[in-house]
Amino acid sequence: MSDAVRDGTGLPAGAGMAEWRDRIGRSAEYLAIPLFALIVSAALFSLFLLALGQSPGQFFQLLWVGGYGTSFSWQNTLVRSAPLIFTALCVAIPAQLGLVIIGGEGALVLGGLAAAVIALPLAGTAPPAIVLFLMLVAAVGVGAVWIGLVGLLRYGRGVNETIASLLMFYIAISILNFVVEGPLRDPASPNKPSTASIGEANMIGNVPGIDVHWGLPIGILLCVLLYLLMSRTTFGFAARVTGGNVRAAQGQGLPVGKLVVAATAIAGGCAGLAGFFEVAAIHGKANASLIAGYGFSGILVSFLARHNPLAIPPVAILFGGIAAAGGLVQRRMGLPDATMVVLQGLIFVVLLASETLYGRFRIFGGKR
Amino acid sequence: MDPSQVATDLGWWSVPLAMFAGAIRVSTPFLFVSLGECLTEKSGRINLGLEGTLVFGAMTGYAVSYMTGSAWTGVLAAGIAGSLFGMLHAALCSLPKVNDIAVGIALMLFGVGLAFFFGKPFIQPTAPRLPSISLGEWSDISQVRVALEINPLFFIGAALAVAMWWAFRNTRAGLIVRTTGDSAAAARALGVSVLGVRFVATTIGGFMAGVGGSFLSLYYPGSWNEGLSSGQGLMAVALVIFARWNPLLCFVAALLFGAAGALGPALQSIGVSQGYHFFNAAPYVLTLLIMIVSSSKVRALRGAPGELSIVK
């Protein structure tokens, strides 16, 4: 995971020509190899479809139409991209410290639940702006505590963060089910256990001009801010040193424990924010619809963006489009709904295999 | 099969009995996955993708059992499918700079996706299930008889645990696997192909996880659907750490997890429905607690293979 650290490193001013050439070569490599992996995945998926007697041409055409072909599909794509940006940040920030967190879905679910829980008693009595603000604080806070706990366990007890965060996802699901089937169940929704609605007045609206909620611009802004935090501040530098070599960081007297907990808490806050927008902008209540797989797709988005926050929005829009086209592909080609999961899994596998290509091509600056 | 259809009222006694039965019934997939993962980790690699392998094995086992009419053929097919996933993991990790944990995560998603993709047509039909061995004929109490209906795979798994424990200590193959896991350099010095050993160990590990998955769909719960496994494969990976890479302790830990998993349904069957979701969360909480207790900040874990990336 230490490769991620090299990404976005600012060289001191006055670096020589050779260094600049090397830097540009590296950037080109970070762009070319993931693109190559996407092309190989598309080719392998075409073979898979051909083996099933389906037409790859039709598949990719529907993917284009369903994801980016019309203004309606663009809107659908962007609405799905917003949570992916947040859940990808939940993977990308800890990755700078060499941590692999895969339980962002749990923080999303609990963040959304917390937002709904705090809004319900206030709905109709407090002004909507205050309700929304408290929902935001609750969602970010719960998410930050949830994943921050993973960081605390990692640093305090050496508990493997990958396994712990995924176990906590299953615990989060149990908490959601308990709350929506028990204490806060809406009697008006007998078939699908759910909390009561937070009320139309307390929903966050769309960005003027496009039918996409505020989660998308805020997500992109957050990516820029977190990029600056990780690449231009002492905190980010210390975090990247820790990711490169924990013992060296400790030897330098860096507060490794605080860095780990802070980075995981920031990560969890991002995932909690995804939950906030899902509740405040889309569902208007907390229920099992929050478990939509955004947390797991976010892992892939972050890996494809090489854990670089600036690369996350375009990759999130790519996968938002794949998700948005799922329904169309399913209806027109009669493929199961898991088709898009297979495609995502395949891209993930090919992408990781492509890691082996780094530093092998002269054109990008030769062998390292 | 359902313990709630009882003739004799046992009251609260039915809880420990159901947990005993559950420990045996629910533990079998844990046992197979954790033994497979134990072998893989002993060779110095971690395969987090066994959750995907488990689900794909469950689907394959059910589908093949339905198509051939033989449940045991289904078990074999699930094992072969699992070993293909193991081979894929091993092959990818053989490439330089490829991270075994990340590949595991990817294969987890890929395996589950493929299982749901191909499993769609098999949710409705009923496939032949695995038979069980009745050991409770001596008892008049129906619950005891139900509790002692034990699947042969449980005994196979138990025997495998003992055999692996013995083989790691006493055979040349066991020594080679342990050496490869503890120090790749030492293994190379012995003329052992490190990548080759890890390839074989991951492939066999995948086979076992596939067989564990077929138990889920062909015996208990005994049908194929998309909610069949919820993290059992992952818990089994955590369990290996708790078991300190000792196959005999894997067996004990699997029983413990089986009992924890049976707690929720057992309490529900006697009418305790309050906090039911929290009992369902019990296995995850237990796994997490066990990881917290058995991990250490300062020293490497006792018994851990030296090459393993999670303990470095």
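Here the structure is a predicted model, which means the values were calculated and not measured.

Trainee: What should I look at first to understand the overall build of chain B in this one?
Mentor: Of regular secondary structure, chain B possesses 13 helices and two strands. In terms of C-alpha radius of gyration, chain B reaches 20 Å, essentially the compact-globule figure of 20 Å for 312 residues. In terms of principal-axis extent, the alpha carbons of chain B reach across some 65 × 45 × 35 Å. A burial count over chain B gives 58% of its 312 residues as buried. Considering only contacts within chain B whose residues lie at least 6 apart along the sequence, 77% involve residues at least 24 apart. Taken as a whole, chain B presents about 12300 Å² of accessible surface, with 67% of it coming from carbon and sulfur. Charged side chains of chain B number 17 positive and 12 negative; the gap between the two group centres comes to 15 Å.

Trainee: Just to check I follow, could you spell out the overall build of chain A for this structure?
Mentor: The helix and strand inventory of chain A stands at 14 helices and zero strands. The linear arrangement of helices and strands in chain A, starting from the amino end, is α-α-α-α-α-α-α-α-α-α-α-α-α-α. Its C-alpha atoms give chain A a radius of gyration of 21 Å, within 12% of the compact-globule value 21 Å for 368 residues. Each principal axis of the C-alpha distribution contributes one length, and for chain A these read about 65 × 60 × 40 Å.

Trainee: Sorry, what's going on with the packing of aromatic side chains here?
Mentor: Two aromatic rings, taken as a pair, are described by how far apart their centres are and by the angle between their planes. Applying the stated criterion across every chain, the model contains 22 aromatic pairs over all chains. With centroids separated by 5.6 Å and ring planes inclined at 45°, the aromatic side chains of Trp64(A) and Tyr68(A) adopt a geometry described as tilted. One end of the pair, Trp64(A), and the other, Tyr68(A), are both in helix H3 (residues 56–69), four residues apart, so they sit about a helical turn from each other. Overall, Trp64(A) belongs to the exposed group, its relative accessible area being 55%. What makes Tyr68(A) buried here is its relative accessible area of 15%. Judged by centre distance (5.6 Å) and plane angle (65°), the ring pair of Phe30(B) and Phe257(B) falls under edge-to-face. Remark: Phe257(B) occurs in helix H11 (residues 247–269) and Phe30(B) occurs in helix H1 (residues 14–42); sequence separation between them is 227 residues.

Trainee: It is not clear to me how the side chain of Ser302(A) should be interpreted in this structure. Could you clarify?
Mentor: All names here are of chain A. Position of Ser302 relative to the elements: it lies in helix H12 (residues 294–304). For Ser302, a relative accessible area of 0% corresponds to the buried category. What Ser302 contacts, discounting residues up to four positions off in sequence, is Ala88, Val91, Ala92 and His307.

Trainee: Mind showing me how you'd approach the nonpolar core here?
Mentor: Proteins that are soluble and globular tend to have nonpolar side chains buried together. Phe59(A), Met135(A), Ile163(A), Phe276(A), Ile312(A), Phe319(A) and Trp224(B) are the most contacted members of the largest nonpolar core, which has 192 residues in total. Per-element accounting of this core gives the leading share, 14 residues, to helix H11 (residues 256–283) of chain A. The contact partners of Ile312(A), leaving out residues within four places of it in the chain, are Ile85(A), Ala88(A), Leu89(A), Ala92(A), Cys223(A), Val301(A) and Ala305(A). If you look at the next biggest cluster of nonpolar residues, it comprises five residues, including Ile24(B), Val144(B), Leu148(B) and Ile150(B).

Trainee: Sorry, what's going on with the interface of chain A and chain B here?
Mentor: Counting residues at the interface gives 46 residues for chain A and 45 residues for chain B. Summing both partners gives a buried area of about 3900 Å² for chain A against chain B, and 79% of it is carried by carbon and sulfur. If you look at where chain A meets chain B, you find one salt bridge. At the boundary of chain A and chain B, one finds seven residue pairs in polar contact (both at pLDDT 80 or more). Elements with a minimum of two residues in the side of chain A that touches chain B: helix H6 (128–157), helix H7 (161–181), H12 and helix H14 (339–354) of chain A. Class assignment for the residues of the side of chain A that touches chain B results in 31 nonpolar, 10 polar and five charged.

Trainee: Could you clarify how one ought to interpret the pattern of salt bridges in this entry?
Mentor: As a working rule, side chains carrying opposite charge can pair if their charged atoms are close by. One pass over the structure, following the stated rule, counts six salt bridges over all chains. A salt bridge links Arg26(A) to Asp22(A); the shortest N-O distance between them is 3.2 Å. With Arg26(A) and Asp22(A) both in helix H2 (residues 17–51) and four residues apart, the pair spans about one turn of that helix. On the basis of relative accessible area, Arg26(A) is assigned to the partly exposed category, the value being 23%. Put simply, Asp337(A), Lys120(B) and Glu226(B) are held in one network by salt bridges that share partners.

Trainee: How should I be thinking about a nonpolar patch on the surface in this particular structure?
Mentor: Among the surface-exposed residues, Ile220(A), Leu221(A), Val224(A), Leu225(A), Leu228(A) and Leu310(A) lie close enough to one another that they form a single nonpolar patch of about 490 Å² accessible area. For Val224(A), the position within the fold is in helix H8 (residues 215–232).

Trainee: Would you take a moment to explain the environment of Ser134(B) for this structure?
Mentor: All names here are of chain B. Tracing the chain through its elements places Ser134 in strand S1 (residues 133–134). Residue classification places Ser134 among the partly exposed residues on the basis of a relative accessible area of 33%. Separated by 12 residues in sequence, Ser134 and Val146 place their C-alpha atoms 8.3 Å apart. Excluding residues that lie within four positions of it along the chain, Ser134 makes contacts with Leu148 and Glu149. A polar contact is formed between the side chain of Ser134 and the side chain of Glu149, at a distance of 2.8 Å.

Trainee: So what exactly am I meant to see when it comes to the packing of helix H5 (residues 104–122) of chain A against H6(A) here?
Mentor: Helix-helix packing is described using two parameters, namely the angle between the two axes and the distance between the axes. Residues and elements named next belong to chain A. Their axes nearest at 8 Å, the elements H5 and H6 cross at an angle of 145°. The interaxial crossing formed by H5 with H6 has right-handed handedness. Along its contact with H5, which presents Gly106, Ala107, Leu110, Gly111, Ala114, Ala115, Ile118, Ala119 and Leu122, the element H6 presents Val131, Leu134, Met135, Ala138, Ala139, Val142, Gly143, Trp146 and Ile147. Per-class residue counts for the contact of H5 with H6 are 15 nonpolar, three polar and no charged.

Trainee: Even after reading the chapter, I still don't get the environment of Gly22(B), so can you show me in this structure?
Mentor: Residues and elements named next belong to chain B. With respect to the helices and strands, the residue Gly22 is situated in helix H1. According to the relative accessible area criterion, Gly22 is buried, its value standing at 3%. For the pair formed by Gly22 and Asn170, sequence separation is 148 residues and the distance between their alpha carbons is 33 Å. Ignoring anything within four residues of it in the chain, the contact list for Gly22 reads Ser27, Gly258 and Ala262.

Trainee: Help me understand the confidence of the model for chain B in this model?
Mentor: Interpretation of the predicted coordinates at a detailed level should be avoided for regions scoring low in pLDDT. All names here are of chain B. Averaged over every residue, the pLDDT of chain B is 88; the share at 70 or more is 94%. Per-element mean pLDDT across chain B ranges from 76 in helix H12 (residues 276–280) up to 97 in helix H3 (residues 71–94). Low pLDDT (under 50) marks residues 1–7, which in the prediction has seven contacts with non-local residues, meaning those over four places away or in another chain.

Trainee: Looking at this structure, I do not really get the confidence of the model for chain A. What am I missing?
Mentor: All names here are of chain A. Confidence in the prediction for chain A averages 91 pLDDT; 95% of positions are at 70 or higher. Here helix H1 (residues 3–6) stands out as the element of chain A with the lowest mean pLDDT, 43, in contrast to H8, whose mean of 97 is the highest. Every residue in residues 1–11 is under pLDDT 50, and counting partners more than four places away or in other chains gives 29 contacts.

Thresholds applied
- Residues numbered from 1 in each chain as written.
- Chains lettered and ligands numbered in written order.
- Predicted model: local features only at pLDDT ≥ 70, side-chain atom pairs only at ≥ 80, totals over all residues.
- Heavy atoms only, no water.
- Helix = DSSP H or I, 4+ residues; strand = E, 2+ residues; numbered from the N terminus.
- Rg over C-alpha atoms; globule rule 2.2 N^0.38 Å.
- Buried < 20%, exposed > 50% of the residue type's maximum accessible area, 1.4 Å probe, protein only.
- Contact = heavy atoms within 4.5 Å.
- Areas by Shrake-Rupley, 256 points an atom, 1.4 Å probe, with all protein chains shown as cover.
- Lys, Arg positive; Asp, Glu negative; His and termini not counted.
- Charge placed at Lys NZ, Arg CZ, Asp CG, Glu CD.
- Phe/Tyr/Trp six-rings, centres within 6.5 Å; stacked < 30°, edge-to-face > 60°.
- Core = buried A, V, L, I, M, F, W, Y, C linked by side-chain atoms within 4.5 Å.
- Buried area = accessible area lost by both parts, 1.4 Å probe.
- Salt bridge = Lys/Arg side-chain N within 4 Å of Asp/Glu carboxyl O.
- Polar contact = N/O pair within 3.5 Å; in protein donor to acceptor, adjacent residues only side chain to side chain.
- Nonpolar A, V, L, I, M, F, W, Y, C, P; charged D, E, K, R; others polar.
- Patch = residues over 30% accessible without salt bridge, like charges linked within 9 Å, V, L, I, M, F, W, Y side chains within 5 Å.
- Axes fitted to C-alpha atoms, helices over the stretch in contact; angles between N-to-C directions.
- Left-handed = near helix turned anticlockwise from the far one by under 90°.
- pLDDT = per-residue confidence, 0-100.

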